[in-house]
Amino acid sequence: MKEGTNVNNTKMRKECEVLWAKNKYYVLSKSHKVYLEIREYLKEKEVDIQFLKEKILNLRDVEESKKDFNNAILHVWGYFKKEASEREKQGLFALLEEYREGENSQDAVIQYLNALLKKYPNPYLEESTFLTGEQDKTIA
């Protein structure tokens, strides 16, 4: 009986890790606080995929936070900074500044990152709902 429980826990943990990997930058872009809460939750002995899905889904209605979005962009930029040119870096940071000043949208920044992703492929980021915009599809 105990061995079956361990197998289920391992399977549930793996499902949670896959879901988290796909959604962590989306979560970070919406709420740094929830991002940290989920990271702590995933350290627990037993985790539940439904709990994680609900935490992520609840963020859909969270009001945009320029600070949290900016933070998520800087994390994602870390995947490109060694390969991208100085011009590409300046382009991203100029867009980000325009966004922070209300002169551009989140979509413009994400489109720029997606252009970098096409040029510098990264399988991990290619699965990220933050860049694909598939939060609902991924966790439904």
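For the structure itself, consult the block above.
These notes cover the structure that comes with them. Keep in mind that what you see is a predicted model, and the values were worked out from it rather than measured. (Residues numbered from 1 in each chain as written. Predicted model: local features only at pLDDT ≥ 70, side-chain atom pairs only at ≥ 80, totals over all residues. Heavy atoms only, no water.)

### Some thoughts on the packing of aromatic side chains
Part 1 of the reasoning: Considering all chains together, one arrives at 7 aromatic pairs under this definition.
Part 2 of the reasoning: With 4.8 Å between their ring centres and 55° between their planes, Phe 69 and Tyr 99 make a pair best called tilted. With Phe 69 in helix H4 (residues 66-77) and Tyr 99 in helix H5 (residues 86-100), this pair connects stretches of sequence that are 30 residues apart. In this pair, the class of Phe 69 matches that of Tyr 99, namely buried. (Phe/Tyr/Trp six-rings, centres within 6.5 Å; stacked < 30°, edge-to-face > 60°. Helix = DSSP H or I, 4+ residues; strand = E, 2+ residues; numbered from the N terminus. Buried < 20%, exposed > 50% of the residue type's maximum accessible area, 1.4 Å probe, protein only.)

### Here we look at helix H6 (residues 106-119)
Part 1 of the reasoning: Under the 1.5 Å per step criterion, the end-to-end length of H6 is 20 Å for 14 residues, consistent within 8% with the ideal 20 Å.
Part 2 of the reasoning: Within the sequence span of H6, burial applies to Ala 108, Val 109, Ile 110, Leu 113, Leu 116 and Leu 117. (Expected span 1.5 Å × (residues − 1).)

### Here's the deal with the environment of Pro 121
Part 1 of the reasoning: Along the polypeptide, Pro 121 turns up in the loop between H6 and helix H7 (123-126).
Part 2 of the reasoning: Expressed as a C-alpha distance, the spacing of Pro 121 and Phe 80, which sit 41 residues apart in the sequence, is 9.4 Å.

### Details of helix H3 (residues 49-57)
Part 1 of the reasoning: Turning to H3, its buried residues number three or more, namely Ile 49, Leu 52, Lys 53 and Ile 56. Buried residues of H3 fall within an arc of 100° about the axis and therefore sit on the same side. (Arc of directions from axis to C-beta.)

### Notes on the packing of H4 against H6
Part 1 of the reasoning: Look at H4 against H6: their axes get within 12 Å of each other, and the N-to-C directions meet at 5°. By the angle class used here, H4 and H6 are roughly parallel. Here H4 contributes Phe 69, Ile 73, Val 76 and Trp 77 to the contact with H6, which in turn contributes Gln 106, Val 109, Ile 110, Leu 113 and Leu 116.
Part 2 of the reasoning: Each residue belonging to the contact of H4 with H6 can be placed in one class, and the counts come to 8 nonpolar, 1 polar and no charged. (Axes fitted to C-alpha atoms, helices over the stretch in contact; angles between N-to-C directions. Parallel < 35°, antiparallel > 145°, perpendicular 65-115°, else oblique. Contact = heavy atoms within 4.5 Å. Nonpolar A, V, L, I, M, F, W, Y, C, P; charged D, E, K, R; others polar.)

### Comments concerning the environment of Glu 134
Part 1 of the reasoning: Turning to its location among the elements, Glu 134 is positioned in the loop between helix H8 (129-132) and helix H9 (135-139).
Part 2 of the reasoning: By relative accessible area, which is 33% here, Glu 134 ends up partly exposed.
Part 3 of the reasoning: Sequence separation of Glu 134 and Lys 22 is 112 residues, and the distance between their C-alpha atoms is 9.6 Å.

The values reported here are purely geometric and, on their own, carry no functional implication.
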